Each structure stands twice: as C-alpha cells, then as structure tokens.
Amino acid sequence: MSLGFRSLWRARTHVTHVKEFSLIHREQHNPFFFQRLQQPSSRRSLSTPHTEIETLPDTPATILKGKTPSFFLRALRRRVVKQRSGFHPKQSVLVKPLVKYPDGRKSRRSLRKHRRSIARQHFYDAKHEANSSPVSHWRSTLDFMLRHTRTVGEPLDFRVIIGRGIAAEAYKLLSEPDTNLAQICQRNESFIEIEEISSQYGELILKLTGSEDSIRKSLVDMVGLMGRITAVRVSDPLWNPLMLDVWRNAAEKRPGIRLIANGEVAVDNKTMTVQASVSKPTKYKRYVLTKRADEIARPTQWTKVSFEEYVAALVRGRVPTHLSRSLYPDGPNHQETVVSLLLDLFTSDKSRSAASVSALKLAVKFIESRGSGFRQASRSIFNQVALLNLPMDAEIFNEFLVSASIARDLNGFDRILKMMVRKGHALQGGAWMAFLAMIEDASVKSFIAARLRAKKLARNPSVRRAMGRQMAILDLERHLSTREFDIKQFMKDQEMKYGTGWLDTMTLNRIFDVLGTHSQLDACNALWDLVCTKLIATPDVVLLNTMLTHSRSLEEKVAAIRLILDRSRYSMPWLQPNATTYHLLFRAAWTKVYPNMLRVIWRYSTLAGLTNPKMRHSLTTLLRYERPSGVHRTLLKGWEDVIFGQAELAEMRACHLDRLVATHMASKYVDQARGMTPSHPFEIKLAEAFAKDVKIRQHLNEGTIISASMREKLTVDIPLKPEKPEKPEKPEKPTAPRVGRDYVMRSILENREL
C-alpha cells in the first residue's frame, strides 16, 4: 500500500510503458501497447525492437493463436519460471529473502516478493544463456570497485574568501545551472555553503567541508570557473602541500594564477584565500499539470536556464488521475509523451545546443525512474549530450547505477561501472550505495559494508546515512528475533556503530515500517517518544501513514493518529495528514460502516483539498443510487445525511437531482468555509466521531430504534472559526552593505524553483 511519498524502500508503481520487450517482471506490464493501437505516430520510437522474444528456445506457436500479446507475455514468463524451477538462480545474493511475520498476510506478501525476485533472476539467466553472454559475479564487481575507489582521508573544514574585485562575478557563476554550488558539491561529494556576501563592496565567503580529495577537487573547480582570479593564498602554512596540488592543477587551466603566501600583498583584490554546513541541490517543486505535456509553452529563446526550466516543467508536472484519460484518450499516455518530448528536445538541432548537465540529470532521473521500457531513450539522450563535449560527472552515471540496482541487474550494473571508469570518473559513495542496496543477502551486504568502511567512505555524511539505512534494517531484523528488545538501546548502539548523523527521515520511516511489520507497536510508540523528546530525526507524513498501515483495528488507527498529531502539533507543525492519510482512514471507516468518521474524514479532506478519486467515486455511488448494491453501501445509505450533512445534502439534491456527485458536495463545503477553518484539530474530531460511531453500533446491536433526536445527538459537529488574519508585512529596513547567507540562498532558490 502506498504511504504517500516515494522512497527507496517502497514498491514500484504499476505503469504502462512503450513497446520494448523487457524480461524484468517488476517494470514491464504492457509492452505491446502501441502495437494494439495500430495507429501511425509521428513520434520517435522510444525503445529498441523486441527481438528478445525469438531468442528464447522452443516457444510454442499455438500460444499466439487467438490470444492477446499480454497473454503471450504472461505465458512466456510462466514457461521460463517453470522450466527453471528446479534450478537456483545464478545470482542468488540478489533474491529477496523469505521472512515469516506474525501476521499471515504479511508473510504471504513476503513470499510473493521472494518468488518474483527468483523469477526476475531466472529471466536474466535465460537471456544470458540465449545470448551466450558471460554472467557477472558480485565478487568480481566488488574487486573492480575496490580497485577504482580512492581511500578517503579525514574530513576537513575550510573558509574560502573571494576578493572584492571578483566577488560579484563569482556569485553569478556559482548560481549558473552547471556551475552552481550544488553541482560542485554533488560532483565532488563536498559540503559548501555561503557564509556571507556583500552585493556592492564586500567579499564572498564560503564554507567548505569534506575529505581531502573532495576539497582539492572542489577548489580546483572553483578556481577554474573564476577566470579573473589572479592569485590563490593559503592562510595556514600546514596546508601548503594541499594548496600546492590545487595550484598545480589550476595553473593548467589558468596559467596566470599565482600561489602567494599568507601576508603577501597582492597587486589587486582578485584573490581567493583559503583559511584553516551544506548547499542543497537545486530542487524544482512538483506541481499539478492540467494540460497535456506537449501543450507546455516552449521558450522563445533557448538558453541554458530556459532549457533547464522547460525540462523541469516536463518532468515535475503531475497530471491528476481524473484528467489523465481526458487529456490522453487514445495514447500515448502522459509519461510516454514526456519521454518522447525529452528525446526530441535533446536531439533537435535547434535546442540541444542549450542543453546543460543539470538538465540532463533531470531528464535521466525521470526516465530511469519510469522503468526499463524507457531505458533506451535515456541512453540516447546521454549519447547526444556527450557529443556536445559538456563536462560530465559521476552523478549522471550514478543515476544509471541506481536504475540497474533497483532492477537487480548485476550485469548491467557492471557494464555501467566499467563505462564510468573508461570515461575517467572515479567511483564515489553513490556507486557503493547502489551496489549495497542491490545485494539482498545479509552476510554479503555486511561484508561489502565492512570493505566500504575500510575505504573510509563512511566519513562522508551522505554515505554514512545511506549505509545506516541499509545496515540498520539488517541489525533491526536480527534484534527483533530476540526475546528482550529495547528500541532505545538499539538506537544508541546504532549511533555508536555508524556514527553521529546516521539516522535520517527515510531510515526512520523504514525502521517504523519494519517494527510495524513485526507487530511491534509498543516499540513504535517508544521510538516516537524518543523522536519527540530528543529530535533524533525529522519525521514526515510517511511515518504517520506507516503507523496507520500497520494498525490492525480502527481503534488502533485512531489512537495512532491521535498520538502522533497531538505531540507534533506545536513542535512539528509541518507534520500534517496528506491525501494518503485520509484515504487510509476513509477505507477503514467505510469497511466498518462508521458514518461519523466518514463525515469527519470527508469534510476535513475536502477543506484541505486532499480527496482522491477512489474516495469521490465511493461517495458518488452512495449519492446516486437509492438502492445501492453491496452490504456496506446499503447500510451507509441510511446514514448519508450524517455523512454529508442534512441541510447541505437537501440543498444540493434539490439543485442537481439525480446528477448529484461528490464533487458538488465538496464545492458546497468549500463555499461555506470561505475565510473559515475548522475550530478543532482533525485528530480530536476523529476520536470524537469514533466514540459516537461505537455508540451507534451498540444501539443497532441491541435492536434500539434510533429516533431523530438520538440521531442528532449521535452526529458529530464540525464547527468553523474565522481564519487568523495574516500579519502585515513589516517595512523593509535599509539594505546593509553586507547581507546574510539566508538572503543569498533564498534569492537563488526563488529564481530556480517553479
């Protein structure tokens, strides 16, 4: 079940791809989509021909007779798995282990994942045998990675001061799409933030943190970017050897640069001084797209900035479910259209000259996340951009490695690694994290993590968090098998083992998920208490949805949401229910036939604009039919005035008659609440509604006839109150000669976000 946000440990969603045939069971569900349409298309083919079908031996011709292509694909999968059922997959370390949980449903889910994982490796083995291609082994891949990964030294901290004569130009260069601080950080795995800048007279001061190798690379990049720098000064003589290497590498790009000693006077103020915190990557916000992707306006003039913004508009737009069929009635669908537009954009002579590495990363990340059916398109885009001689970095290859890791394709992973080394890029922590995530065997994963620590890559904060995400779950699974399990002691042991900063939001959500899967709700409550008291990590709504998913009864769900939202109301105001939260509660209340809970969930989700199509469809069915089919709808039909509100329902039914739908009721609620907000928090009213529904159930079980007065008393009230007026903006103070780093970063993000 979806928990609201995408994360590394969530299952992939089912999507329809283009016509490439893929033997990966997870991602390819309808590879013959365009063939069934039988319509000419002017769009470029996004995939390679599906010639792999003929490579499998002894395929019965009778399978295709009178059958659909999807039937053929399912039959082919079953046949391959059946033929190889007596053999172990060659890559057994990539097979998900079979876990037995206290809940039988979760054990069966683990069994399904185990079987699908085995089937996927059988497909890979069949493909390799048909093509007579060698099969990679995890040990050979590990040895290759060890040979091409540099040992990282101790983390270092520096302040980089750029002189007044070059500060304005440097600030402009460090905010360009391909040369901003985020790109330098990601490329070199360093840690850079702006400490201070003066827009007129001051210097640009940066804080630089990372390993010795990453700092050296970052300094070389900055010196190479700022062509007007005439000298580099190091303030501490102890770091002269480091700066000597930097100066030698930088002098190849900028022969006029001098290395001057501390105290030596420069002829001008165009210097960079190195004296003995993180710039987050630029993020484009997700937005709701209410038109076709090919109707998004293209820039009138192609520049690197406009090119990247147009790519972001394509990949970050989300089409609502209720609009997808009307916008794309005959195909291709939204994601197929976006991939086709991206392919045309990067290969067109008019626009590809404005392509940038940051735009390429956005496109590749989107395409690779769609599954193997589009993989050929991302390779084509990468090859086209490579012809422009843009400065590629290891981060682009890491996107391909993550895609191969998710698909559990060790051969593909190995090929990408070798291509990465041939292009002259050293392996970084991202490659190791993708390799570690691909391995399912616990002992092999622990062995790889030990070699990773020997390379001292765990000193990098991002690598430390990613490694903790992988290894802490294994440690948790082992500890849960013991009789005496203390979650607080477990968290202390993990911090001692992996170091400070190992726990992040994603790892915290994963720990809650494992605890809930093992029915350790008491441990979940204790961990939540630890989060609230010591703020060991920043929780998000995925944690709330995880708790709701693993709570068996409706009473446990109400208690869980009350526990989390009550304690986070003031200390964590960002932790609010999302559409998935309302949907989980709605389905549980619908199944139990609890009208007051449906009333509260429907009203609050409507006012928050967080209803979903399934919720609206269920309520529309309840409204339209006098005698709805199904036991639940029949029972709820007698309580529809409680669910929708007696006065509102009568008014809207008089207006729309038999055409009344749930969206009409939602519009009514929004009009009533204009300028208003619910007086009580959602969790308070939800608990009150649950108590009233329990009383209704007791009366019905006792055979009590519920009168109109009793019905009114048993209906939860949802009062509204005026919204707090926004505070008037304070008059701006005169601009000081020097402004803080928050102003600088805010101005950068405002110019970069959609």
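What you see is a predicted model, and the numbers here were worked out from it, not measured in a lab.

Scoring rules and cut-offs
Residues numbered from 1 in each chain as written. Predicted model: local features only at pLDDT ≥ 70, side-chain atom pairs only at ≥ 80, totals over all residues. Heavy atoms only, no water. Helix = DSSP H or I, 4+ residues; strand = E, 2+ residues; numbered from the N terminus. Buried < 20%, exposed > 50% of the residue type's maximum accessible area, 1.4 Å probe, protein only. Areas by Shrake-Rupley, 256 points an atom, 1.4 Å probe, with all protein chains shown as cover. Contact = heavy atoms within 4.5 Å. Arc of directions from axis to C-beta. Salt bridge = Lys/Arg side-chain N within 4 Å of Asp/Glu carboxyl O. pLDDT = per-residue confidence, 0-100. Patch = residues over 30% accessible without salt bridge, like charges linked within 9 Å, V, L, I, M, F, W, Y side chains within 5 Å. Lys, Arg positive; Asp, Glu negative; His and termini not counted. Charge placed at Lys NZ, Arg CZ, Asp CG, Glu CD. Phe/Tyr/Trp six-rings, centres within 6.5 Å; stacked < 30°, edge-to-face > 60°. Axes fitted to C-alpha atoms, helices over the stretch in contact; angles between N-to-C directions. Parallel < 35°, antiparallel > 145°, perpendicular 65-115°, else oblique. Left-handed = near helix turned anticlockwise from the far one by under 90°. Core = buried A, V, L, I, M, F, W, Y, C linked by side-chain atoms within 4.5 Å. Nonpolar A, V, L, I, M, F, W, Y, C, P; charged D, E, K, R; others polar.

**Quick look at the overall build of the chain**
Next up, step 1: What the chain contains, in helices and strands, is 34 helices and eleven strands.
Next up, step 2: Residue burial in the chain is summarised as follows: out of 754 residues, 49% are buried.
Next up, step 3: Of the accessible surface of the chain, which amounts to about 37,800 Å², a share of 52% is contributed by carbon and sulfur atoms.

**Observations concerning the environment of Arg 318**
Next up, step 1: Take Arg 318: it is sitting in strand β8 (residues 317-318).
Next up, step 2: Here Arg 318 falls in the partly exposed class, since its relative accessible area comes to 42%.
Next up, step 3: Non-local contacts of Arg 318, meaning those with residues more than four positions away in its chain, are made with Arg 286, Tyr 287, Val 288 and Leu 289.

**Re helix α31 (residues 662-672)**
A turn of α-helix holds 3.6 residues, and therefore any two residues three or four places apart point the same way.
Next up, step 1: Of the positions making up α31, those classed as buried are Ala 662, Met 665, Ala 666, Lys 668 and Tyr 669. In an axial view of α31, the angular spread of the buried residues amounts to 160°, which keeps them on one side of the axis.
Next up, step 2: Buried positions along α31 lie against α26 (595-608), α27 (613-624), α29 (640-644) and α30 (646-656).

**Considering the pattern of salt bridges**
Next up, step 1: Under the defined criterion, the tally for this structure stands at 26 salt bridges.
Next up, step 2: For Asp 566, the salt bridge goes to Arg 562, with nearest N and O atoms at 2.7 Å. Separated by four residues within a single helix, Asp 566 and Arg 562 lie in helix α24 (residues 554-568), roughly one turn from each other.
Next up, step 3: Via salt bridges that share partners, Arg 562, Asp 566, Arg 569 and Glu 683 belong to a single interconnected network.

**Structural notes on the confidence of the model for the chain**
Next up, step 1: Looking at the chain as a whole, its pLDDT mean stands at 77, while 74% of the residues score no less than 70.
Next up, step 2: Segment residues 1-64: pLDDT under 50, and 157 contacts once partners within four positions in sequence are set aside and those in other chains are kept.

**Examining a positive patch on the surface**
Next up, step 1: On the surface, Arg 108, Arg 109, Arg 112, Lys 113 and Arg 116 cluster together into a positively charged patch.
Next up, step 2: As for its position among the elements, Lys 113 is in helix α4 (residues 104-131).

**Focus: the packing of aromatic side chains**
Next up, step 1: Counting across every chain of the model gives 14 aromatic pairs.
Next up, step 2: Considering the side-chain rings of Phe 307 and Phe 346, the 5.1 Å spacing of their centres and the 85° angle between planes classify their relative orientation as edge-to-face. On the criterion of sequence distance, the pair formed by Phe 307 in helix α10 (residues 304-315) and Phe 346 in helix α12 (residues 334-347) is long-range, its members being 39 residues apart.
Next up, step 3: Of the residues examined, Phe 346 reaches a relative accessible area of 1% and is grouped as buried.
Next up, step 4: Residues Tyr 594 and Phe 690 carry aromatic rings whose centres are separated by 6.0 Å and whose planes lie at 55° to one another, so their mutual orientation is tilted. Linking Tyr 594 in the loop between α25 (579-592) and α26 with Phe 690 in helix α32 (residues 682-702), this pair joins segments that are 96 residues apart in sequence. Comparing Tyr 594 with Phe 690 shows no difference in burial state: the two are buried.

**Focus: the side chain of Glu 440**
Next up, step 1: Tracing the chain through its elements places Glu 440 in the loop between α17 (429-438) and α18 (442-454).
Next up, step 2: If we skip the residues at most four places from it in the chain, Glu 440 touches Val 93, Leu 94, Val 95, Lys 96, Pro 97 and Arg 408.

**Some remarks on the packing of helix α13 (residues 357-369) against helix α14 (residues 375-386)**
The description of two packed helices rests on the angle between their axes and on the distance between the axes.
Next up, step 1: Direction vectors running N to C along α13 and α14 enclose 165°, while the axes themselves pass 8 Å from each other. It follows from the interaxial angle that α13 and α14 lie roughly antiparallel. When you trace α13 past α14, the crossing you get is left-handed. Two secondary-structure elements touch here, α13 through Leu 360, Ile 367 and Glu 368 and α14 through Arg 375, Ala 377, Ser 378, Arg 379, Ile 381, Phe 382 and Val 385.

**Remarks on helix α23 (residues 541-550)**
Next up, step 1: Where burial is concerned, most of α23 is hidden: nine out of the ten residues are buried.
Next up, step 2: For α23, the secondary structure elements touched by its buried residues are α4, α21 (505-517), α22 (521-534), α24 and α25.

**Concerning the nonpolar core**
Next up, step 1: In this structure, Leu 342, Phe 346, Phe 435, Leu 515 and Phe 644 are the most contacted members of the largest nonpolar core, which totals 146 residues.
Next up, step 2: The biggest single contributor to this core is helix α19 (residues 461-480), with nine residues.
Next up, step 3: Setting aside its immediate chain neighbours within four residues, Phe 346 contacts Phe 307, Val 311, Arg 352, Ala 355, Ala 359, Leu 360, Ala 363, Ile 381, Gln 384 and Val 385.
Next up, step 4: Within the second largest apolar cluster, 17 residues are counted, among which are Val 160, Ile 162, Ile 192 and Leu 206.

**Quick word on the packing of α13 against helix α15 (residues 394-406)**
Next up, step 1: For the pair α13 and α15, interaxial distance at closest approach is 10 Å and the crossing angle is 0°. In terms of orientation, α13 and α15 fall into the roughly parallel class. Contact residues: Val 357, Leu 360, Lys 361, Val 364, Lys 365 and Glu 368 in α13; Glu 395, Ile 396, Glu 399, Phe 400 and Ser 403 in α15.
Next up, step 2: When the residues that make up the contact of α13 with α15 are grouped by side-chain class, the tally is five nonpolar, one polar and five charged.

**Points about the environment of Leu 146**
Next up, step 1: Within the secondary structure, Leu 146 is located in helix α5 (residues 138-147).
Next up, step 2: The exposure class assigned to Leu 146 is buried, which follows from its relative accessible area of 14%.
Next up, step 3: Residues in contact with Leu 146, not counting those within four places in the same chain, are Trp 432, Arg 451 and Lys 455.

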